[in-house]
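Chain residues, written in single-letter form:
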Amino acid sequence: EAGVAQSPRYKIIEKRQSVAFWCNPISGHATLYWYQQILGQGPKLLIQFQNNGVVDDSQLPKDRFSAERLKGVDSTLKIQPAKLEDSAVYLCASSSEGIYNEQFFGPGTRLTVL
Amino acid sequence: SQQGEEDPQALSIQEGENATMNCSYKTSINNLQWYRQNSGRGLVHLILIRSNEREKHSGRLRVTLDTSKKSSSLLITASRAADTASYFCATVPPSSSNTGKLIFGQGTTLQVKP
């Protein structure tokens, strides 16, 4: 079965610019997650979707970050404007419904903000 | 916020030796999961243990859970060079019992020398 796809794999931008990341989850997975992983730390959940509805966005910096999941499949995460501290790897994951189901992670997008 | 704290932060062993990593967490949990992250395969789910379980095995992996001490350990037996990676524990608190939200620790970096 195909895994979680993400693009781009790498992105370098200057501060105050905008950037968008794309994620295609495993087919049939209702739940989609976006995580931010800063170097040397564990992933931190930014937003969780159940189908195309937001379940948890409590740690999403809503003044600059936005995410959508149209039609309950693909998702995009946008940062506008970017700050230096947004430099991190952005991971997308998906899972089938249920709290005992493992999450499957994509390869991530490494963002560098100069 | 990070709930789990792994110990040690870094571990270096010889191939064939056993590796033990510990995870402590702050609040009660519904379940605890261990993930591995390396540059080749990204972040991969290893094993899940529920709050009413005390021990679980999967191949060369053995996980224990002590809810009274709010701690878990991951034992990798007969380690191989391919086990070199960062290992993260992730918890699902009761407040997230209907969403499956994971809270990751900081991770343990394991190096297995050939």
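Preceding this section is the structure that the text describes.
Source: prediction; values computed, not measured.

Draft legend 1. Quick peek at the pairing of strand β5 (residues 44–50) of chain A. All names here are of chain A. With five of seven residues buried, β5 is to be regarded as a mostly interior element. Between strand β4 (residues 31–37) and β5, which pair antiparallel and follow one another directly, the connecting turn spans six residues, one of which, Gly-40, has a positive phi of 85°. With three bridges connecting them, β5 and strand β6 (residues 53–56) associate as antiparallel partners. Across the sheet, residue Phe-49 finds its bridge partner in β6, namely Val-54. Taking the residues between adjacent antiparallel strands as the criterion, β5 and β6 are bridged by two residues, where Asn-51 takes a positive phi near 55°.

Draft legend 2. Quick look at the sheet that holds strand β8 (residues 75–79) of chain A. Residues and elements named next belong to chain A. With antiparallel pairing, the four strands of this open sheet are ordered in space as β1-β3-β8-β7. Of all strands in the sheet, those with a lone pairing partner are β1 (5–7) and β7 (65–68), marking the two edges. Going from strand to strand, the sheet's axes swing by 15° on average, the running direction of each strand aside. Summarising the sheet, β7 and β8 pair through four bridges and their orientation is antiparallel.

Calculation criteria
- Residues numbered from 1 in each chain as written.
- Chains lettered and ligands numbered in written order.
- Predicted model: local features only at pLDDT ≥ 70, side-chain atom pairs only at ≥ 80, totals over all residues.
- Heavy atoms only, no water.
- Buried < 20%, exposed > 50% of the residue type's maximum accessible area, 1.4 Å probe, protein only.
- Helix = DSSP H or I, 4+ residues; strand = E, 2+ residues; numbered from the N terminus.
- Pairing = 2+ DSSP bridges.
- Axes fitted to C-alpha atoms, helices over the stretch in contact; angles between N-to-C directions.

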